[in-house]
Amino acid sequence: VRPDTRAAIGRLLAKGRLLETLECPVRTIELASYWPDCMKQFGDRFSFAASWHYQNVDVCKPFDLKGACKDGYCVSAQIERQARLLADRNLPDRERLMALAFLVHFVGDLHNPMHAGDRGDKGGNDVKANYGIIGGRTNLHSIWDGYLAERAISTPPGGPRTLLAATSSEEQARLSGGSVEDWSREGWEAARTYAYTTLVGDPCGALAEARPTLGEEQVRALIPVVRRQVVAGGLRLARLLDDALGPQAKAPGQRRPT
């Protein structure tokens, strides 16, 4: 992000007390990115946001975002909404800080394929699976939301600077472009092509009774896929933050002032 964007983020994070969630601090952008999950412990207070983290777009049918986002209750619609709230300088700081935390988190969620598409199985939560020798209560969603993501990010060379350095400036420009709907389509396609196909073969076929295993060879093949998703999500988030917190206060679906 630009230096002025970074400064604006810092000013908002410094007002974390306004959220009145001491158990879920937002002192840093890393903590803020976790806040939408952390605050689930407060039950009814924030239960309105439960369905904002994902969109169950059927990977076995033509891409249809509208059907999965009724009344804006899905992750892509909330990315656009939170960006608009963040860009609105007339809103109280508390609302804009909350929008910042939601926006950072939801862009990350959308770039996890299991938050972008499924086959009627709660984002892969109902697909029981093994991650190597790790079995038991593991499922397809948990593999992509935890084990595989951590493996991909930590595999040397790691770190955000290294991931960016491995991506050409031309590719960075391409990845940062597009609309939220474009990014949703990419995630939906990744769910079908990589998440389901790698684990069960036919993404729309019957599941075997035996619990499938994502083995080491498959994990190694998926690491570049996950790392690309991380880079794409970071670049796109930076663009949204620069737009919302920049001098033109722009958000998706809004025109720049003339």
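Residues numbered from 1 in each chain as written. Predicted model: local features only at pLDDT ≥ 70, side-chain atom pairs only at ≥ 80, totals over all residues. Heavy atoms only, no water.

Asks: Explain the packing of helix 4 (residues 75–87) against helix 5 (residues 93–110) here, please?
Replies: To describe two helices that pack against each other, one gives the angle between their axes and the distance between the axes. Closest axis-to-axis distance for the helix 4/helix 5 pair is 8 Å, and the angle between their directions is 150°. By the angle between their axes, helix 4 is roughly antiparallel relative to helix 5. Here helix 4 and helix 5 pass one another in a crossing that is left-handed. From helix 4, V75, Q78, I79, Q82, A83, L85 and L86 reach across to helix 5, where they touch R96, A99, L100, F102, L103, F106, V107, D109 and L110. (Axes fitted to C-alpha atoms, helices over the stretch in contact; angles between N-to-C directions. Helix = DSSP H or I, 4+ residues; strand = E, 2+ residues; numbered from the N terminus. Parallel < 35°, antiparallel > 145°, perpendicular 65-115°, else oblique. Left-handed = near helix turned anticlockwise from the far one by under 90°. Contact = heavy atoms within 4.5 Å.)

Asks: Any chance you could explain the confidence of the model for the chain here in plain terms?
Replies: One rule of thumb: low pLDDT means the predicted coordinates there are not for detailed reading. Residues at a pLDDT of 70 or more form 97% of the chain, whose mean pLDDT is 93. Element-level pLDDT for the chain is lowest in helix 7 (residues 160–165), with a mean of 84, against a maximum mean of 98 in helix 5. (pLDDT = per-residue confidence, 0-100.)

Asks: Is there a simple way to think about the environment of Q218 in this case?
Replies: Mapped onto the elements, Q218 comes out in helix 10 (residues 216–245). Along the primary structure Q218 and A77 are separated by 141 residues, whereas in three dimensions their C-alpha atoms are 33 Å apart. Setting aside residues no more than four positions away along its own chain, Q218 makes contact with T198 and T213. Reaching out from Q218, the side chain makes a polar contact with the backbone oxygen of T198 at a distance of 2.8 Å. (Polar contact = N/O pair within 3.5 Å; in protein donor to acceptor, adjacent residues only side chain to side chain.)

Asks: Looking at this structure, I do not really get a positive patch on the surface. What am I missing?
Replies: Taken together, the side chains of K122, K128, R137 and R211 present a region of like positive charge at the surface. The topology assignment puts R211 in the loop between helix 9 (180–200) and strand 2 (213–214). (Patch = residues over 30% accessible without salt bridge, like charges linked within 9 Å, V, L, I, M, F, W, Y side chains within 5 Å. Areas by Shrake-Rupley, 256 points an atom, 1.4 Å probe, with all protein chains shown as cover. Salt bridge = Lys/Arg side-chain N within 4 Å of Asp/Glu carboxyl O. Lys, Arg positive; Asp, Glu negative; His and termini not counted. Charge placed at Lys NZ, Arg CZ, Asp CG, Glu CD.)

Asks: In this structure, what is going on with helix 2 (residues 29–38)? I would like to understand it.
Replies: By the burial criterion, the buried members of helix 2 are A32, W35, P36 and C38. Burial along helix 2 is one-sided: seen end-on, the buried residues are contained in an arc of 160°. Taken together, the buried residues of helix 2 touch helix 1 (3–13) and helix 5. (Buried < 20%, exposed > 50% of the residue type's maximum accessible area, 1.4 Å probe, protein only. Arc of directions from axis to C-beta.)

Asks: Help me understand helix 9, please; the structure alone is not making it clear to me.
Replies: One turn of an α-helix holds 3.6 residues; hence residues three or four places apart share an orientation. With 21 residues, helix 9 should reach 30 Å at 1.5 Å per residue; the first-to-last C-alpha distance of 29 Å fits that figure. Taking the largest bend as the criterion, helix 9 deviates by roughly 35°, centred on A191. Restricting attention to buried positions, one finds in helix 9 the residues V180, W183, S184, G187, W188, A190, A191, A195, Y196 and L199. Positive backbone phi, approximately 85°, marks G201, located one or two places after helix 9. (Expected span 1.5 Å × (residues − 1). Bend = angle between axes of the 7 residues up to and from the residue.)

Asks: Would you take a moment to explain the nonpolar core for this structure?
Replies: Among soluble globular proteins, nonpolar side chains are generally buried collectively. Of all hydrophobic cores here, the largest spans 39 residues; its most connected members are W35, I79, L86, L100, F102 and L103. The set of elements that each furnish at least two residues to this core consists of helix 1, helix 2, helix 4, helix 5, helix 9 and helix 10. Apart from the residues within four sequence positions on either side, L100 is in contact with I9, L12, L13, I29, L86 and L241. Listed in part, the 26 residues of the second largest apolar core include Y131, I143, Y196 and I223. (Core = buried A, V, L, I, M, F, W, Y, C linked by side-chain atoms within 4.5 Å.)

Asks: Teacher, can you tell me more about the pattern of salt bridges here?
Replies: Two side chains that carry opposite charge are able to pair once their charged atoms sit near each other. One pass over the full model with this rule turns up nine salt bridges. The shortest N-O distance in the salt bridge between D4 and R2 comes to 3.0 Å. The salt bridge partner of R236 is E186, with a shortest N-O separation of 3.1 Å. Here R236, found in helix 10, pairs with E186, found in helix 9; they are 50 residues apart in sequence, far enough to count as distant. The exposure class of R236 is buried, given its relative accessible area of 2%. One continuous salt-bridge network, built from bridges that share partners, spans R151, E216 and R220.

Asks: Sorry if this is basic, but what is going on with the packing of aromatic side chains here?
Replies: Aromatic ring pairs are described here by two measures, namely the spacing of the ring centres and the angle between the planes. Enumeration according to the criterion identifies 10 aromatic pairs in this entry. With centroids separated by 5.2 Å and ring planes inclined at 15°, the aromatic side chains of Y131 and Y147 adopt a geometry described as stacked. Separated by 16 residues along the polypeptide, Y131 in strand 1 (residues 130–131) and Y147 in helix 6 (residues 140–154) bring together distant segments of the chain. Three or more aromatic residues joined by ring pairs make a cluster, and in this case those are W35, F42, F46, F48, W52, F102 and F106. Its guanidinium or amino end placed over the ring of F42, R45 lies 5.6 Å from that ring's centre, counting from NZ or CZ. (Phe/Tyr/Trp six-rings, centres within 6.5 Å; stacked < 30°, edge-to-face > 60°. Lys NZ or Arg CZ within 6 Å of the ring centre and 35° of its normal.)

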